[in-house]
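One letter stands for each residue in the lines below.
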Amino acid sequence: VSDKTDFKQTKIKNKKDRHYIMAKGSMQQVELTILNIYVPNTGAPRFIKQVLRDLQTDIDSHTIIVGELNIPLSIFDRSMRQKINKDIQYLNSALDQADLIDIYRTLHPKLTEYTLFSAPHNTYSKTDHIIGSKTLLSKCERIEITTNCL
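Caption draft 1: View of unusual backbone geometry. Unusually for a residue other than glycine, Gln 28 sits at a positive phi of about 50°. Examined against the element boundaries, Gln 28 turns out to sit in the loop between β2 (20-27) and β3 (30-38). We classify Gln 28 as exposed; its relative accessible area is 69%. Although it is not a glycine, Asp 99 adopts a positive phi angle of roughly 60°. Its place among the elements puts Asp 99 in the loop between α2 (86-97) and β5 (100-102).

Quick look at the structure:
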C-alpha cells in the first residue's frame, strides 16, 4: 500500500514460513484485507490452495490478493499460447471455489502485458496477479502493469 494512500491498518499477520503477509484495515471507510503472497516455483497451485484454506476465516468479499504466484492464470498470460494445463485448471478452480477472480484479467481480458522473461525459453509470462472478489471489481477504477527498471 502506497504511503500516499489513506490505509488505516488494524491487524497484521506475517507468516514468513508460509511466504505471505496479510494486512487488515480500512481505506476510504471500506474494510479491506490485503494479502501479499510469494509462491515458490514448484507446486504453485497446491501451495496457493493451502494458503487459501489456512486463511479462509480471514478472506472475505473485501480481500485483495497480490503478488508473485509463479504461475500464469490464462493463455493471455504467456507469450507462447500453450493450452491451459491441469495445474492452472486446478488453481482456477480453487479460486472459483473461494469466489475470487483475477481482477486484472477481468478488466483487461485480451491485453498481453508480462512481468517475467525466461531467457532459457525465450518466453514472457505474467505471473504477478491481482486477485479479489467480484464485489471488489466494481470499486477498481484502474489496474495496470508498470515498468520498474532497477
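Alright, that's what it looks like, and here's the rest.
Caption draft 2: Region of the structure containing the packing of helix α1 (residues 44-54) against α2. At a minimum axis separation of 9 Å, α1 and α2 run at an interaxial angle of 15°. Put simply, α1 runs roughly parallel to α2. Here the hand of the crossing between α1 and α2 comes out left-handed. Seen from α1, the contacting residues are Pro 45, Arg 46, Ile 48, Lys 49, Leu 52 and Arg 53; seen from α2, they are Asp 87, Tyr 90, Leu 91, Ala 94, Leu 95 and Gln 97. When its residues are assigned to classes, the contact of α1 with α2 shows seven nonpolar, one polar and four charged.

Caption draft 3: The sheet that holds strand β8 (residues 128-133), seen in detail. Read across the sheet, six strands follow the order β1-β2-β3-β4-β8-β5 without closing on themselves; strand pairing throughout is mixed. Pairing within the sheet leaves two strands with one partner each, and these edge strands are β1 (7-15) and β5. In this sheet, neighbouring strand axes are inclined to one another by 20° on average, regardless of whether the strands run parallel or antiparallel. Sheet analysis places β2 next to β3, joined by eight bridges and oriented antiparallel. Residue pairing for β3: Gly 25 is matched across the bridge by Leu 32.

Caption draft 4: Quick look at α2. Taking 1.5 Å of rise per residue, the twelve residues of α2 would be expected to cover 16 Å, and the 16 Å separating its terminal C-alpha atoms lies within 8% of that figure. Buried-residue contacts for α2 involve α1, β5 and β8. Directly beyond the C-terminal end of α2, a positive phi value near 60° is found at Asp 99.

Caption draft 5: A look at the pattern of salt bridges. In the structure shown here, the tally under the stated rule is four salt bridges. Here Asp 58 ties to Lys 11 by a salt bridge, and the two come within 3.7 Å at their closest N and O atoms. You can see Asp 58 sitting in the loop between α1 and β4 (63-68) and its partner Lys 11 sitting in strand β1, a full 47 residues away along the chain. With relative accessibility at 36%, the residue Lys 11 sits in the partly exposed group. A salt bridge links Lys 134 to Asp 99; its shortest N-O distance comes to 3.7 Å. One end of the pair, Lys 134, is in helix α4 (residues 134-137); the other, Asp 99, is in the loop between α2 and β5, and 35 residues separate them in sequence. Judged by its relative accessible area of 46%, Lys 134 is partly exposed.

What counts, and at which threshold
Residues numbered from 1 in each chain as written. Predicted model: local features only at pLDDT ≥ 70, side-chain atom pairs only at ≥ 80, totals over all residues. Heavy atoms only, no water. Helix = DSSP H or I, 4+ residues; strand = E, 2+ residues; numbered from the N terminus. Buried < 20%, exposed > 50% of the residue type's maximum accessible area, 1.4 Å probe, protein only. Axes fitted to C-alpha atoms, helices over the stretch in contact; angles between N-to-C directions. Parallel < 35°, antiparallel > 145°, perpendicular 65-115°, else oblique. Left-handed = near helix turned anticlockwise from the far one by under 90°. Contact = heavy atoms within 4.5 Å. Nonpolar A, V, L, I, M, F, W, Y, C, P; charged D, E, K, R; others polar. Pairing = 2+ DSSP bridges. Expected span 1.5 Å × (residues − 1). Salt bridge = Lys/Arg side-chain N within 4 Å of Asp/Glu carboxyl O.

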